[in-house]
Amino acid sequence: AQKITQTQPGMFVQEKEAVTLDCTYDTSDPSYGLFWYKQPSSGEMIFLIYQGSYDQQNATEGRYSLNFQKARKSANLVISASQLGDSAMYFCAMREGGTGANNLFFGTGTRLTVIP
Amino acid sequence: NAGVTQTPKFRVLKTGQSMTLLCAQDMNHEYMYWYRQDPGMGLRLIHYSVGEGTTAKGEVPDGYNVSRLKKQNFLLGLESAAPSQTSVYFCASSRDIHYGYTFGSGTRLTVV
């Protein structure tokens, strides 16, 4: 079974609007971490936001917030006030606490296009 | 700037040739990883290391070998390149299990 599922291959959003990128995960480990990375067309992987499984509040980093719904095993990324520079691939990833190796499992990504 | 450095950035190999991808980090991180990225498949873990002198297999290790002789370096080797190994390769490092990754800029490898 896939550990991370991103069901939206591509998304479009109007500039200045908010957009939600979906991510669901599958684990039986009670301790885990969820990450979002951005990959612009230049190819580098940029860390955006992190949510731990025991964190009580949803993580926020500037215009990025993570809508963490533990019972539904979802960790959606919300980007507010979209900018043209937000056009990129976005990857959701998960680390399981019991592995001891901090391996990240990645989803297949969502390509976001911001329309002027 | 501190970070993860990958060399080379681009390489074209003929089928059957060998090569080594170099990854160096100057952040004193214990954990290092090699991933490959293919269209529509996200990033998949090839091999990883939890410290100097240790290596372990990831999700897609076949056809690759690695070595971590020094803490700051993690080498990925292809002994006999195949077209199926055409991909973008990313190295990453991590301080410990509570932190995310710092990625290198990637190596685009084409095997013809």
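Everything here concerns the structure above.
Chains are numbered independently. Their residues run from 1 in the order of the written sequence. Chain letters and ligand numbers both follow the written order, the letters beginning at A and the numbers at 1. Only residues with pLDDT of 70 or above have their local features reported here, since the model is predicted, and side-chain atom pairs are shown and tallied only from 80 upward, although totals for entire chains, interfaces and linings are computed over all residues. Excluding hydrogens and water, the side-chain figures rest on all heavy atoms present in the structure.

**Q** Even after reading the chapter, I still don't get the overall build of chain A, so can you show me in this structure?
**A** Helix and strand definitions follow DSSP, with helices as H or I runs of at least four residues and strands as E runs of at least two, each counted in order from the N terminus. Looking only at helices and strands, chain A features zero helices and twelve strands. Listing each helix as α and each strand as β along chain A from the N terminus yields β-β-β-β-β-β-β-β-β-β-β-β. Principal-axis analysis of the C-alpha atoms places the extent of chain A at approximately 45 × 30 × 20 Å. Contacts are assigned to residue pairs with any non-hydrogen atoms lying within 4.5 Å of each other. Counting only contacts in chain A whose residues sit at least 6 apart along the sequence, the fraction spanning at least 24 positions is 55%. Only the protein chains shown count as cover for residues, with accessible areas throughout obtained via the Shrake-Rupley method and a probe of 1.4 Å. In the structure as shown, chain A presents an accessible area of about 5500 Å², 50% of it carried by carbon and sulfur atoms. Charged residues are defined here as Lys and Arg on the positive side and Asp and Glu on the negative side; His and the ends of the chain fall outside this count. To locate a charge, take NZ of a lysine, CZ of an arginine, CG of an aspartate or CD of a glutamate. Of note, chain A has its 9 positive side-chain charges centred 2 Å away from the centre of its 10 negative side-chain charges.

**Q** For this particular structure, what's the right way to read the pairing of strand β12 (residues 110-115) of chain A?
**A** Strand residues, when the strand is regular, have side chains that alternate between the two faces of the sheet. Residue and element names in this part refer to chain A. The alternating pattern of β12 places Thr110, Leu112 and Val114 on a buried face and Arg111, Thr113 and Ile115 on a face that is not buried. Whether two strands pair depends on DSSP finding at least two bridges between them. As paired elements, strand β2 (residues 10-14) and β12 share five bridges and run parallel to each other. Residue pairing across strands places Gln14 opposite Ile115, the latter belonging to β12. Only protein chains enter the accessibility calculation, which uses a 1.4 Å probe. A residue is then buried if its area is under 20% of the maximum for its type, exposed if over 50%, and partly exposed in between.

**Q** Please clarify how the packing of aromatic side chains should be interpreted in this entry.
**A** Geometry of an aromatic ring pair is reported as the spacing of the ring centres plus the angle between the planes. Stacked, tilted and edge-to-face are the three classes assigned to paired rings of Phe, Tyr and Trp, where Trp is represented by its six-membered ring and a pair needs centres within 6.5 Å; plane angles under 30 degrees give stacked, over 60 edge-to-face, the rest tilted. In this structure the tally under the stated criterion is 17 aromatic pairs over all chains. Judged by centre distance (6.2 Å) and plane angle (70°), the rings of Phe106(A) and Phe103(B) are edge-to-face. Of this pair, Phe106(A) sits in strand β11 (residues 104-106) while Phe103(B) sits in strand β10 (residues 102-103), on two different chains. On the numbers, 6.5 Å between centres and 40° between planes, the contact of Tyr33(B) with Tyr35(B) is tilted. A relative accessible area of 0% places Tyr33(B) in the buried class. When its relative accessible area of 0% is taken as the criterion, Tyr35(B) is described as buried.

**Q** It is not clear to me how the pattern of salt bridges should be interpreted in this structure. Could you clarify?
**A** Side chains bearing opposite charge may pair, as long as their charged atoms lie close to each other. Any Lys or Arg side-chain nitrogen located within 4 Å of an Asp or Glu carboxyl oxygen qualifies as a salt bridge. Under the definition given, this model contains five salt bridges over all chains. A salt bridge links Glu96(A) to Lys3(A); the shortest N-O distance between them is 3.2 Å. One end of the pair, Glu96(A), is in strand β10 (residues 88-96); the other, Lys3(A), is in the segment before β1 (4-5), and 93 residues separate them in sequence. Take Glu96(A): its relative accessible area is 13%, and that puts it in the buried class. Given the relative accessible area of 26%, Lys3(A) is considered partly exposed. Here Asp38(B) and Arg36(B) are joined by a salt bridge, their closest N and O atoms 2.9 Å apart. Both residues of the pair, Asp38(B) and Arg36(B), count as buried. Ionic contacts of the salt-bridge type, sharing partners, join the residues Arg36(B), Asp38(B) and Arg44(B) into one network.

**Q** Explanation requested: the nonpolar core in the structure shown.
**A** For soluble globular proteins, nonpolar side chains are generally found buried alongside one another. Residue and element names in this part refer to chain A. Core analysis: the biggest nonpolar cluster contains 25 residues, and Leu21, Tyr25, Trp36, Ile49, Leu77, Tyr90 and Leu112 have the highest contact counts within it. Secondary-structure elements contributing two or more residues to this core are β2, β3 (19-21), β5 (32-39), β6 (46-52), β8 (64-69), β9 (74-79), β10 and β12. Sorting elements by how many residues they give to this core places β10 first, with four residues. Here, the term nonpolar core denotes a set of buried Ala, Val, Leu, Ile, Met, Phe, Trp, Tyr and Cys residues that are joined through side-chain atoms within 4.5 Å.

**Q** Honestly, the state of the cysteines in this entry has me stumped. Any pointers?
**A** When the sulfur atoms of two cysteines share a covalent bond, that bond is a disulfide. Here, a disulfide means two cysteine sulfur atoms that sit within 2.5 Å of each other. Under the criterion given, the structure shown has two disulfides over all chains. Each disulfide pairs two cysteine sulfurs, and for Cys23(A) the partner residue is Cys92(A), the sulfurs being separated by 2.0 Å. Given an S-S torsion of about -65°, the disulfide between Cys23(A) and Cys92(A) has left-handed geometry. Here Cys92(A) lies in strand β10 and Cys23(A) lies in the loop between β3 and β4 (24-25), a separation of 69 residues in the sequence. Each member of the pair, Cys23(A) together with Cys92(A), is buried. Between the sulfur atoms of Cys23(B) and its disulfide partner Cys91(B) the distance amounts to 1.8 Å. Its S-S torsion of about -75° marks the bond between Cys23(B) and Cys91(B) as left-handed, since a negative value means left-handed. Taken as a pair, Cys23(B) in strand β3 (residues 19-25) and Cys91(B) in strand β9 (residues 87-94) lie far apart in primary sequence, 68 residues in all.

In short, geometric facts, not functional conclusions.
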